[in-house]
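Topology and contacts: notes
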Amino acid sequence: MEEAVISKNFIEQIIDKDLEEGKVTKIVTRFPPEPNGYLHIGHAKSILLNYGLAEKYKGRFNLRFDDTNPTKEKTEFVDSIVKDVEWLGADFKGEIFFASNYFEQMYEGAVKLIKKGKAYVCDLSADEIREYRGTLTEPGKDSPYRNRSIEENLELFEAMKNGEFPDGSKVLRAKIDMSSPNINMRDPVIYRIARMTHHNTGDKWCIYPMYDFAHPIEDAIEGVTHSICTLEFEDHRPLYDWVVRELEYENPPKQIEFAKLYLTNVITGKRYIKQLVEKGIVDGWDDPRLVTIAALRRRGFTPEALKKFMELIGVSKSQASVDYAYLEYVIREDLKTKVPRVMAVLDPVKLVIDNYPEGETEYFDIENNPDTEDAGTRKVSFSRELYIEREDFMEEPPKKYFRLFPGNEVRLKGAYFVKCTGFEKDENGNVTVIHCTYDPETRSGSGFEGRKVKGTIHWVNAADAYNCTVRLYENLVDEEKGKLNEDGSINFNPNSLTVIDNAKVEAGLKEAKPGESFQFIRNGYFTVDSKDSSEGNPVFNRIVSLKSSYKPGV
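Residues numbered from 1 in each chain as written. Predicted model: local features only at pLDDT ≥ 70, side-chain atom pairs only at ≥ 80, totals over all residues. Heavy atoms only, no water.

Thoughts on the side chain of aspartate 187
Short version of the rule: Under the scheme used here, helices are H or I runs from DSSP no shorter than 4 residues and strands are E runs no shorter than 2 residues, and both carry numbers assigned from the N terminus. Partly exposed residues are those whose accessible area sits between 20% and 50% of the maximum for their type, while under 20% is buried and over 50% is exposed, using a 1.4 Å probe and protein chains only. Between N or O atoms, a polar contact is any pair within 3.5 Å; within protein, one atom must be a potential hydrogen donor and the other a potential acceptor, and residues adjacent in sequence are included only when both atoms are from side chains. By definition in these notes, contact holds between two residues if any of their heavy atoms fall within 4.5 Å.
Inspection of the secondary structure puts aspartate 187 in the loop between strand 5 (171-174) and strand 6 (189-193). A residue is classified by how much of its surface remains accessible, and aspartate 187, at 1% relative accessible area, is buried. Of note is the side chain of aspartate 187, whose polar atom sits 2.8 Å from the side chain of tyrosine 120. Sequence-distant contacts of aspartate 187, defined by excluding residues within four places in its chain, comprise Tyr120, Arg146, Arg173, Ala174, Lys175, Ile176, Asp177 and Met178.

Structure, rendered in structure tokens:
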């Protein structure tokens, strides 16, 4: 019997080679977010990739906060990130790392570079540094402070640490090559003066390391073997390697870049999401129209669906966009056998069965999920007055309309055949009541052999239906006009949220708990909102509609 061929992505191939050559013995990966906002679906790809590699190679996965810029960082963001990573199932063994815990080692690393003649204190302003840096086609020129003595640089850097200079007046720069074709290597700034209270270290420091200096040190301290990041850091890799080499780490980490996840017609940039939150266009970082991980969780997406989605799109070096409809396809596939199917009427109109006994109630056993063998049944009450969807009745139907219209007979799902005998209207011409008769011989599918009924409609019992709020979501961005307007503002879809306050659902749904999900027959998949629901008063968010023309791979 032939062994199955296992296809490996390019990162796994690199790791395999490193293990074979004895460069590493135990794989260590990390997810290193900056706590300056909520994570989005692109971060989910990175989390699941890094954790998946550690799990596959029986290594270790670290959750580390890259908290070197206190101006934008908050404990709220730290807490939300921890919750997201846990929800996705990435096990960091309860140990959380912070870059700020390594500030002492980073400072010592900077001192070591100065002593090696590889770093210097520079008095140029930020604008002057940019001017001296050169362009993509022209080399930079040396700072007039580049040749300060080691002794002077050590003295000045210590004075910077001790708060003896104003913010922005001096920086520490790596001394590399002002003529390098890679602008990142033209004496990059590695420390700046900034009097800011840090969420973790308070006011202990008034100098902070720059990301490109701090990040490789963090990886090296933690013993990370493969530092996996997105493609925009590819040009930064020479600096990453320079830092760990010059600081003489015995087992330096290896940086590997992969393509970011780009989804069509969604907003992922923290700057844009922050705008939407601050302007009140959305009701927070977890608004279900967003694709932050918190928003997807609140919307009713499952960790399993996101994992499957990431597996399907794969890992590569090539940048490409993925259709949002693909994500919707995956969540439908995930939910269709998991969640119960229930009856909910979103645009209700009353249906009265005139020949049904007044005051009588009976119960039908209705399948919870016909696609799942052991899902069982539930009892649903039935009486003379019901609610059906307004669209399931037409006074003058077109051809091939098989639902209710005068003289037509349909099947009420799981119950009886009913035939429309008439209807009532209000003064505006709106149908308010539909009148029918029922055939008692057709109970639950019995006694109608040979009778053809083409239409089946769902219903809820008016006597005990739960009146609830249902929210329907569409893309936040107007798909036809594109993501951004000419002025750079977001092209907001005004119909991204529809709130229905008088939906009628089965009585049992009144006790549904936050996070519970259902398929509302013919209306889509819905979940109980975790923020606005209360006990006995669930609010339902639509996760995704039932139908899509999307086909994977097409």
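There is more to say after this.
Describing the sheet that holds strand 1 (residues 28-31)
Stated formally: Pairs of strands are assigned from DSSP output, requiring at least two bridges between the strands. Interaxial angle, 0 to 180 degrees, is taken between N-to-C directions of lines fitted to C-alpha atoms, where a helix line uses only the stretch in contact.
The strand order across the open sheet built from three strands is 1-2-3, with neighbouring strands paired in parallel fashion. Edge positions in the sheet fall to strand 1 and strand 3 (96-98), since each of these pairs with one other strand and no more. Adjacent strand axes in the sheet meet at a mean angle of 40°, parallel and antiparallel pairs treated alike. In this structure, strand 1 lies alongside strand 2 (residues 60-65), joined through four bridges in parallel fashion. Bridging from a neighbouring strand, valine 28 pairs with arginine 60 of strand 2. The sheet contacts of helix 7 (residues 211-222) involve strand 1, strand 2 and strand 3, and relative to strand 2 the element is tilted by about 140°.

Concerning the pairing of strand 8 (residues 226-230)
Rules: Crossovers are described as right-handed under a simple rule: with the strands pointing away from the observer, the path leading from the first strand over the helix to the second runs clockwise.
Buried residues dominate strand 8, accounting for five of its five residues. Across the two faces of strand 8 the burial is the same, with His226, Ile228 and Thr230 and Ser227 and Cys229 all buried. Pairing of strand 8 with strand 9 (residues 254-258), which is carried by five bridges, proceeds in the parallel orientation. Bridge pairing links serine 227 to glutamine 255 in strand 9. Between the parallel pair strand 8 and strand 9, the chain is carried across by helix 8 (residues 237-246), and the sense of this crossover is right-handed.

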